Amino acid sequence: MTQPPQAATAWEPSTRELERREIRRRLRLRSTLTATVAVVVVFVGVGVLVVTSPGWPRVHETFFNGHHARASLPGIWSAFWLNVKMFMVAEPLILVLALAIAIARGARSPWLVPVRLVAVVYTDLVRGIPTILLVLLFGFGMPSLQLQGVPNSPIFWATAALVVSYSAYVAEVFRSGIESIHPSQIASAEALGLGRGQTMRYVVVPQAVRRVVPPLLNDFVSLQKDTALASTIGVFEAVFVAQDYGNYNFNYTPYVVVALFFVALTIPLARFTDWLGRRYSERERAGAR
Amino acid sequence: MSESSDGPLLEVADVRKTYGERVVLADVDLVVNPDDVVCLIGSSGSGKSTLLRCLNLLEDVDDGVIRFEGREISDPRVDRRAVRSRMGMVFQAYNLFPHLTVLENCTLAPRRVHGVSRSDAEARARALLEQFGLADQAAKHPDRLSGGQQQRAALVRALCTSPTLLLLDEITAALDPELVGEVLTIVRDLAEQGTTMVLATHEMSFARDVATTVCFLHEGRILEHGPPEQLLTDPREARTRQFLRRVLPPA
């Protein structure tokens, strides 16, 4: 039964293996078919339900009007750039500030106790205030202070309010990531002679960040949409433009157009983070099951 | 279809497994009869663990046939869960669930997979824990136990479902020598009670005492196999001799 060590002859799959591949192919085909049928049935069903509803002609006219979609598009397109700019500026600031807060909360040095207290109070307080209130407070309150050397534009203060609000949420995301790293990692880093700061910088934070990418994306998407809150202090961004158009033309199609803009922005981002996460896990836990 | 009384419990024929270009198992043949204790020996990377994972269907084979209780389980249409519910597996790193107590670890599969009532599952788990000297650890969480205790708990977890075949993957490799003994004593007891086992091990003296068959794996092939008194003292292959010289204490 035991073979002598054979010369490395080219391997040919056995008939049984070929048979098995055929079975696997059939099983795959069957599950693809099932999936296709399930998808078609569900979506066609939902579609039919909507289109046959009594109010559909009215809804179609007010929300899905081709003429109004085209007419409002240029205005929304240019205003949407403002939303993009706002979150593009805000997001990096949020990430940096939030990580700093999260690390400050984990500081153990007695000298850093005041910093830790500030970090705790900041997250508790800011997370308790609705974002829209922060935008209003910053947008109307800050310029009234008549500070020297600070811009008074509502765009600036809306962005600042978003940074403050989101950095508190994102800090908690980072903190949960940091706390999820097993103590043995910290022990082995300290055993190598790394200091607390170095342990954080080279061992804990890199692992923590990888772990919290999905919730970070969640907050990022949420931020993109909350740029619309800037409209409350008179920033003429995409939602405001759509509202404006709707009020003049008695048609809500521009809202749908704006929604599509936001969706078009978030879907590629979600796929990108999925890909990023897959790449990390393939590289770091190959075969570990 | 299962005629486990006559015929082998497990039959492996021409099994091949590759990871991309790397051939991990090639032409592996193995027969395990009821009450057999088969020890897989060989250096790290020789394919011992992969073979066990293939038997448990954690990995799909790339060729060959695996039969268990008279049925081919390497068929893609086979219900993996049904197969696994008849096999027990213990891992090198214990793999106990840290969020459950030892008792809950042991009753999870009986209750959720085998539909045993809570009281029956707990009674059986407690009896086994008692037998393995873990009676007073039942309510603790695994991370509060020593390595040897954790591995014994993992064995109990695998035994709670009364599997017909037990697969042990280097279960003492992560333990210090003092704790190895307490785990191996239990495996020895199981062997004496007639538990059918396939185990990968580095403990040669244990293999000599307990195994009915020892298989030497080298580069993914079972280079030779035979009863321990023959294989461990008078191996046929030069490779086996070389390996044994390195791992056996000089006689």
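Quick caveat: nothing in here was measured; it's all calculated off a predicted structure.

1. Things to note about the overall build of chain A
Step number 1: If you tally the helices and strands in chain A, you get 11 helices and zero strands.
Step number 2: Element order for chain A, N to C, with α for helix and β for strand: α-α-α-α-α-α-α-α-α-α-α.
Step number 3: Compactness check: chain A gives a C-alpha radius of gyration of 27 Å against a globular reference of 19 Å for 289 residues, more than 25% above the reference.
Step number 4: In terms of overall dimensions, chain A has C-alpha extents of about 90 × 70 × 30 Å along its principal axes.
Step number 5: Every one of the 289 residues in chain A was classed for burial, and the buried ones make up 25%.
Step number 6: Contacts spanning at least 24 positions in sequence make up 75% of the contacts within chain A whose residues lie at least 6 apart.

2. Examining the sheet that holds strand β5 (residues 71-72) of chain B
All names here are of chain B.
Step number 1: Spatial strand order, β2-β1-β4-β5: four strands in an open sheet with antiparallel pairing. The open sheet has two edge strands with one neighbour each: β2 (22-32) and β5.
Step number 2: Pairing analysis gives five bridges linking strand β1 (residues 10-19) to strand β4 (residues 63-68), with the strands arranged antiparallel. The residue bridging A13 from the neighbouring strand is V65, located in β4.

3. Here we look at helix α3 (residues 102-112) of chain B
Step number 1: All of the buried residues in α3 of chain B are V102, L103, N105, C106, T107 and P110 of chain B.
Step number 2: Buried residues along α3 of chain B sit against α4 (118-131) and α5 (147-159) of chain B.

4. Re the sheet that holds strand β10 (residues 221-226) of chain B
All names here are of chain B.
Step number 1: Here six strands make up an open sheet; going across it, the order is β6-β7-β8-β3-β9-β10 and the pairing mixed. Lying at the two open borders of the sheet, with one neighbouring strand each, are β6 (87-90) and β10. When strand polarity is set aside, the average angle formed by the axes of neighbouring strands in this sheet is 15°.
Step number 2: Alignment of strand β9 (residues 213-218) against β10, held across five bridges, turns out to be antiparallel. Along β10, the bridge assignment pairs H218 with R221.
Step number 3: Running over the sheet, helix α1 (residues 48-55) touches β3 (37-41), β7 (165-169), β8 (197-200) and β9 and is turned about 150° from β8.

Quick notes on the rules
Residues numbered from 1 in each chain as written. Chains lettered and ligands numbered in written order. Predicted model: local features only at pLDDT ≥ 70, side-chain atom pairs only at ≥ 80, totals over all residues. Helix = DSSP H or I, 4+ residues; strand = E, 2+ residues; numbered from the N terminus. Rg over C-alpha atoms; globule rule 2.2 N^0.38 Å. Buried ≥ 20, exposed ≤ 12 C-beta atoms within 10 Å, placed from the backbone. Contact = placed C-beta atoms within 7 Å. Pairing = 2+ DSSP bridges. Axes fitted to C-alpha atoms, helices over the stretch in contact; angles between N-to-C directions.

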